[in-house]
Number of protein chains: 2
Amino acid sequence: MNLLITEDDPLHRAFLKTAVENALPECDQVFEAENGAAAVEIVKSETIDGIFMDLQMPKSNGVDAAKEIWRCFPEMRILFWSNYADEAYVRGVARIVPSGAVYGYLLKSASEDRLAFAARGIFVQDQCIIDREVRGVQQRSENTLEGLTDAEFEVLTDISLGMTDKAISARRKISTRGVQSRLKHLYEKLGLNRSVTHSDIGPVFNSRTRALTVALSRGLLNVDGLASYEMELEDWLAKK
Amino acid sequence: MNLLITEDDPLHRAFLKTAVENALPECDQVFEAENGAAAVEIVKSETIDGIFMDLQMPKSNGVDAAKEIWRCFPEMRILFWSNYADEAYVRGVARIVPSGAVYGYLLKSASEDRLAFAARGIFVQDQCIIDREVRGVQQRSENTLEGLTDAEFEVLTDISLGMTDKAISARRKISTRGVQSRLKHLYEKLGLNRSVTHSDIGPVFNSRTRALTVALSRGLLNVDGLASYEMELEDWLAKK
DNA sequence: GTCACATCTGCGGGTCCCCGCAATAGAACC
DNA sequence: GGTTCTATTGCGGGGACCCGCAGATGTGAC
């Protein structure tokens, strides 16, 4: 069995390598990549059976790399390995995992035991292993009450790029009034009207920008994700 | 000599500890803290001569902890130790370092040699050691042409919190027109009018939110910083 | 079928934001 | 004092955004 470790931090990479060698003695060879692009190359040139994938990496984050890898090898087993259980990452991963693929999501704070267990589960027994904490975020985001619907999340990413209502309506093929309607629901779910938004000088917050602040601090969005969304937007602008 | 290592990641903490023991044999004791609040406590209860301070930590980031420590011990020597040379961090540190204090700023990508050199420079010879890359960011931000003035940066933090023009004008004690004037300069420096902002359906971007996207992706702002700014804003709202 | 529920749409008006223009105030320098 | 440069202010207008209301459309349950 050949595994690939994709992780930019050399310290974590070394730790992961020895941990893997201990947990999976049946593993023949461990490849290493320090960013997403390098990982894609290795997967294409070598025969790889499973991947450890860091999500936070400078340039070419883990989600984009995994997307490209799954596009070529839909049954590749990938264990995501992240500092945070940010909803942006969880959603990002959930959006690209092919149906039937085996994958896992583990936090870096997990003990070495948990890491070994998850690795065996995924790479040997073909089982999906999702960290409990991550699972919590996943369920919360599926819950329509406090979670965002896909439409609301979509409009959130659009305003996070700085798009105008009119541009969003063109991109998503709904009326501008429809955009505003989605925004209104988004603002409600983010609790923009619940917090102290008024003082003696009138409203303190601008909903549109305040929504971004709240979404960022709650981990609904993150800066890595913005770069990906930006690229999608450029594609759309180009063919428009 | 007693040193304190403040770093949330156990792997990095252990690495730093052995590196310090090698580089500074005259060091008697090495304390460890895994977040900013714990660091402040240790500094107050033990006699500490110098601190390694990680900037990215979940809850209570390094800048706030250093601020509190320097408030009590203005001559404390602190070596900041960060993943990124984000302008937000560089500015954040520069804003709180007391005049005459000895400090350093090193990137985590630095080699162990550089780390040892910086540690000896700061804790033994009382010299400020700033990573070349960080120094570059510092100078760029001091350059009025491509860097932001303090006024522009201030208004950027305010809109990043989602404040309205009127609220900003009350907080900063200038007219709303003054706020808009600062914003206009900010937009120019961020290059919002240079990029492709128009298409056949009219303007694609809303300046206010687009400014946030650009500032975040350039590292002028970061999410850790938002939390600090938010607290300052709450203080102001409370006493208003 | 129809009832309930969610989503999208058009209209209208109130507010906020962006900005050009011109005048003013202050700082730095000769 | 005079000059120049930068930051701020007031005015005014055009556009973008937020939202309540009412009507249309679509979907799933019974």
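Each residue is numbered by its place in its chain's sequence as written, counting from 1. Think of it this way: whatever chain is written first is A, whatever ligand is written first is 1, and the rest follow in order. Two thresholds apply to this predicted model, a pLDDT of at least 70 for residue-level local features and 80 or more for giving and counting side-chain atom pairs, whereas whole-chain, interface and lining totals are computed over all residues. The side-chain numbers reported here are obtained from all heavy atoms of the structure, hydrogens and water having been left aside.

Draft legend 1. Here's a closer look at the protein's contact with DNA strand D. Proximity criterion: a residue is near a molecule or strand once any of its heavy atoms comes within 4 Å of it. Residues in close proximity to DNA strand D total 17 residues, the closest being Arg177(A), Tyr187(A), Ser175(B), Arg177(B) and Arg182(B). When atoms of DNA strand D within 4 Å of the protein are split into backbone and base, the sugar-phosphate part holds 62%. Within the side chain of Arg208(A), one N or O atom sits 3.2 Å away from a phosphate oxygen of DNA strand D. Numbering of helices and strands starts at the N terminus; helices are DSSP runs of H or I of at least 4 residues and strands are runs of E of at least 2. Elements that contribute at least two residues to the surface near DNA strand D include exactly α8 (165-172) and α9 (176-189) of chain A together with α9 (176-189) of chain B. Side-chain classes are defined by residue name, with Ala, Val, Leu, Ile, Met, Phe, Trp, Tyr, Cys and Pro counting as nonpolar, Asp, Glu, Lys and Arg as charged, and the others, Gly among them, as polar. Of the residues belonging to the surface near DNA strand D, the class tally is 4 nonpolar, 6 polar and 7 charged. Residues adjacent in sequence count toward polar contacts only when both atoms are side-chain atoms; beyond that, a polar contact is any pair of N or O atoms within 3.5 Å, and within protein one must be able to donate a hydrogen and the other to accept it.

Draft legend 2. Inspection of the interface of chain B and chain A at higher detail. Whether two residues touch is decided by their heavy atoms; if any such pair falls within 4.5 Å, the residues are in contact. If you look at the interface, chain B gives 32 residues, while chain A gives 32 residues. When chain B packs against chain A, the two sides together hide about 2900 Å² of surface, and 66% of this comes from carbon and sulfur. Salt-bridge detection follows one rule: a side-chain nitrogen of Lys or Arg within 4 Å of a carboxyl oxygen of Asp or Glu. Applying the counting rule to chain B against chain A returns 2 salt bridges. We note a salt bridge from Arg210(B) to Glu230(A), for which the minimum N-O separation is 2.9 Å. At the junction of chain B with chain A, the criterion picks out 14 residue pairs in polar contact (both at pLDDT 80 or more). Looking at the side of chain B that touches chain A, the elements that each hand over two or more residues are α1 (10-23), α7 (150-160), α8 (165-172), α10 (207-218) and α11 (223-239) of chain B. The biggest single contributor to the side of chain B that touches chain A is α10(B), with 7 residues. In terms of residue class, the side of chain B that touches chain A is built from 17 nonpolar, 8 polar and 7 charged. In this description, buried area is defined as the sum, over both parts, of the accessible area (probe of 1.4 Å) that is lost when the two are combined.

Draft legend 3. Broad picture of the relation of the copies chain B and chain A. Copies overlap after least-squares fitting; the atoms used are the C-alpha atoms of residues with pLDDT of at least 70 in both. Under the fitted operation, chain B is carried onto chain A by 0.0 Å of movement along the axis and a turn of 179 degrees, and the coordinates agree to an RMSD of 0.1 Å. The transformation relating the two chain copies, once decomposed into turn and shift, fits a two-fold axis. The rotation axis passes nearest to the C-alpha of Thr209(B) in chain B, at a distance of 2.9 Å. A shared binding surface is used by both copies, with 100% of the interface residues of chain B retained as interface residues in chain A.

Draft legend 4. Structural detail: the sheet that holds strand β1 (residues 2-6) of chain A. Residues and elements named next belong to chain A. Reading across the sheet, the 6 strands line up as β2-β1-β3-β4-β5-β6 and stay open at both edges, with parallel pairing between neighbours. Only two strands of the sheet have a single partner each, and these edge strands are β2 (29-33) and β6 (129-130). One requirement defines pairing of two strands: DSSP has to find at least two bridges between them. Across 2 bridges, strand β5 (residues 103-107) lies against β6 in parallel orientation. Residue pairing for β6: Gly104 is matched across the bridge by Ile129. A fitted line through C-alpha atoms represents every axis, and for helices the fit uses only the stretch in contact; the resulting angles, taken between N-to-C directions, go from 0 to 180 degrees. Strand contacts of helix α3 (residues 62-72): β3 (50-54), β4 (77-82) and β5, with the helix running at about 155 degrees to β3, the strand carrying the most contacts.

Draft legend 5. Molecular detail of the sheet that holds strand β4 (residues 77-82) of chain B. Across the sheet, 6 strands lie side by side as β2-β1-β3-β4-β5-β6 (chain B); this open sheet has parallel pairing. Among the strands making up the open sheet, the edge pair consists of β2 (29-33) and β6 (129-130) of chain B.

Draft legend 6. Highlighting the packing of helix α4 (residues 87-96) of chain B against helix α6 (residues 132-142) of chain B. Residues and elements named next belong to chain B. In contact at an axis separation of 10 Å, α4 and α6 are set at 80 degrees when each is read in the N-to-C sense. Considering their axes alone, α4 and α6 lie roughly perpendicular with respect to each other. On α6, the residues that touch Glu87, Val90 and Arg91 of α4 are Val134, Val137, Gln138, Arg140 and Ser141. Across the contact of α4 with α6, the residue classes break down as 3 nonpolar, 2 polar and 3 charged. An angle below 35 degrees is read as roughly parallel, one above 145 as roughly antiparallel, one from 65 to 115 as roughly perpendicular, and any other as oblique.

Draft legend 7. Just the state of the cysteines, in detail. All names here are of chain A. We call a pair of cysteine sulfur atoms a disulfide when they lie within 2.5 Å. What the rule picks out here adds up to 0 disulfides over all chains. Take Cys27: it sits in no disulfide, and the sulfur closest to it among the cysteines is that of Cys128, at 20 Å. Per-residue accessibility, obtained with a 1.4 Å probe over protein chains only, is compared with the maximum for each type, and a residue is labelled buried under 20%, exposed over 50%, and partly exposed between these values. By relative accessible area, which is 14% here, Cys27 ends up buried.

Draft legend 8. The pattern of salt bridges, seen in detail. As enumerated under the stated definition, the model contains 42 salt bridges over all chains in all. Here Arg208(A) and Asp165(A) are joined by a salt bridge, their closest N and O atoms 2.9 Å apart. Of the two residues, Arg208(A) sits in helix α10 (residues 207-218) while Asp165(A) sits in helix α8, which places them 43 residues apart along the sequence. Exposure class is identical for Arg208(A) and Asp165(A). Each is buried. The closest approach of N and O atoms between Glu32(B) and Lys17(B), which form a salt bridge, is 3.3 Å. In this pair, Glu32(B) sits in strand β2 while Lys17(B) sits in helix α1, placing the two residues 15 residues apart along the sequence. Put simply, Glu154(A), Asp158(A), Arg171(A), Arg172(A) and Arg182(A) are held in one network by salt bridges that share partners.

Draft legend 9. Fine view of α8(B). When α8(B) is considered as a whole, its buried residues turn out to be Asp165(B), Ala167(B), Ile168(B), Ser169(B) and Arg171(B). Turning to α8(B), the residues buried within the fold contact α7, α9, α10 and α11 of chain B.

Draft legend 10. Structural context of the protein's contact with DNA strand C. Within the structure, DNA strand C sits among 17 residues, and Ser175(A), Arg177(A), Arg182(A), Arg177(B) and Tyr187(B) are positioned closest to it. Those atoms of DNA strand C that come within 4 Å of the protein belong to sugar or phosphate at a rate of 62%. Separating a phosphate oxygen of DNA strand C from a backbone N or O atom of Asp165(B) is a distance of 3.4 Å. Residue Arg177(B) places a side-chain N or O atom 2.5 Å away from a base oxygen belonging to DNA strand C. Of all elements in the fold, only α9 of chain A together with α8 and α9 of chain B reach the threshold of two or more residues within the surface near DNA strand C. Considering every element that reaches the surface near DNA strand C, the biggest residue donor is α9(B), with 5 residues. Considering only residue class, the surface near DNA strand C consists of 4 nonpolar, 6 polar and 7 charged.

Draft legend 11. A look at the domain arrangement of chain A. Residues and elements named next belong to chain A. For chain A, the assigned domains are domain 1 (2-142) and domain 2 (150-239). Centre-to-centre, using C-alpha coordinates, domain 1 lies 30 Å away from domain 2. Between domain 1 and domain 2 the total buried area reaches about 870 Å² when both faces are included, carbon and sulfur atoms providing 40% of it. Inspection of the domain 1/domain 2 interface yields 2 salt bridges. Between Asp150 and Arg91 there is a salt bridge, with its nearest N and O atoms 3.6 Å apart. Bear in mind that the domain bounds are from an automatic or database domain assignment.

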